[in-house]
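Coordinate inspection notes
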Amino acid sequence: ENFLDNSQNTFLLFNALIGLLIYTKSGQYQSLTKYFKNKILFEIAIRNFSILLITNFLFLVIKINTPNLSYNFIYFWLITSLNIIYRIILRDFLLNFKKDQIEKRQKVVIYGAGIAGAQLAAAIGLRKNYQIVSFVDDCPSLWGRSLSGIPINSINYLKNKKHIINQ
């Protein structure tokens, strides 16, 4: 049996060709994987949905049987999930690639666990020469909680940990 005789194989081939065109023209491969945010995840889903729409439309125009709705749904979730997982793994690998000198990192405490503290932690987290040990805040309702996996403590925390904190 010829590969193109099977409508699902033809569908996959069309998806690959259209996907390559859409991914290239829409800038999928221009974003910096190391710093991707949630917005990129939505863009990936929109691109994959567009690929399926265009492929199904072309199949209707050239009168080839389109795969059923459940096939399209599973295919969409599969390619979107694999693309996102690939990006996450690649990002984590790139960000953690140079963590071989953990002992030499400066231990830092950030005062304030609000928006500004979270932004500062995100910026510091990209630098490999700092390790955020804790947030300190004067709001008792935040103590014992965490922000991005980093504990939030009272200011008294500094009294007991001065010898291990650099900044």
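Residues numbered from 1 in each chain as written. Predicted model: local features only at pLDDT ≥ 70, side-chain atom pairs only at ≥ 80, totals over all residues. Heavy atoms only, no water.

**Notes on the overall build of the protein chain**
Secondary structure summary: the protein chain contains five helices and four strands in total. Along the protein chain, from the amino end to the carboxyl end, the secondary structure elements read α-α-α-β-α-β-β-β-α. Taken over 167 residues, the protein chain has a buried fraction of 31%. Partitioning the contacts of the protein chain with sequence separation of at least 6, the portion at a separation of at least 24 is 60%. Taken as a whole, the protein chain presents about 11500 Å² of accessible surface, with 63% of it coming from carbon and sulfur. (Helix = DSSP H or I, 4+ residues; strand = E, 2+ residues; numbered from the N terminus. Buried < 20%, exposed > 50% of the residue type's maximum accessible area, 1.4 Å probe, protein only. Contact = heavy atoms within 4.5 Å. Areas by Shrake-Rupley, 256 points an atom, 1.4 Å probe, with all protein chains shown as cover.)

**Remarks on a nonpolar patch on the surface**
A cluster of nonpolar side chains, I54, F57, L58, V61 and I62, forms an exposed patch at the surface whose accessible area comes to about 430 Å². You can see I54 is positioned in helix α2 (residues 38-61). A residue is classified by how much of its surface remains accessible, and I54, at 36% relative accessible area, is partly exposed. (Patch = residues over 30% accessible without salt bridge, like charges linked within 9 Å, V, L, I, M, F, W, Y side chains within 5 Å. Salt bridge = Lys/Arg side-chain N within 4 Å of Asp/Glu carboxyl O.)

**Some remarks on the sheet that holds strand β4 (residues 150-153)**
In space, the four strands of this open sheet follow the order β1-β2-β4-β3, with mixed pairing throughout. Edge positions in the sheet fall to β1 (106-111) and β3 (146-147), since each of these pairs with one other strand and no more. Where strand β2 (residues 130-136) meets β4, two bridges bridge the pair, whose relative direction is parallel. Paired with V136 across the strands is N153, a residue of β4. Here helix α4 (residues 115-125) sits on the sheet in contact with β1, β2 and β3, set at roughly 165 degrees to β2. (Pairing = 2+ DSSP bridges. Axes fitted to C-alpha atoms, helices over the stretch in contact; angles between N-to-C directions.)

**Comments concerning the confidence of the model for the protein chain**
The share of residues in the protein chain with pLDDT of 70 or more is 79%, and the mean pLDDT across the chain is 76. Ranking the elements of the protein chain by mean pLDDT puts helix α5 (residues 156-161) last with 75 and α2 first with 84. (pLDDT = per-residue confidence, 0-100.)

**Here's the deal with the side chain of S154**
Residue placement: S154 occurs in the loop between β4 and α5. With a relative accessible area of 15%, S154 lands in the buried category. Apart from residues no more than four positions distant in its own chain, S154 is found in contact with V136, D137 and W143.

**Overview of α4**
Each full turn of the α-helix corresponds to 3.6 residues, which orients residues three or four apart in the same direction. Within the sequence span of α4, burial applies to G117, A121 and I124. Angularly, the buried residues of α4 cover 70 degrees about the axis, an arc narrow enough to put them on a single face. More than 90 degrees from the buried face of α4, the exposed residues found are I115, A116 and Q119. Buried-residue contacts for α4 involve β1 and β2. (Arc of directions from axis to C-beta.)

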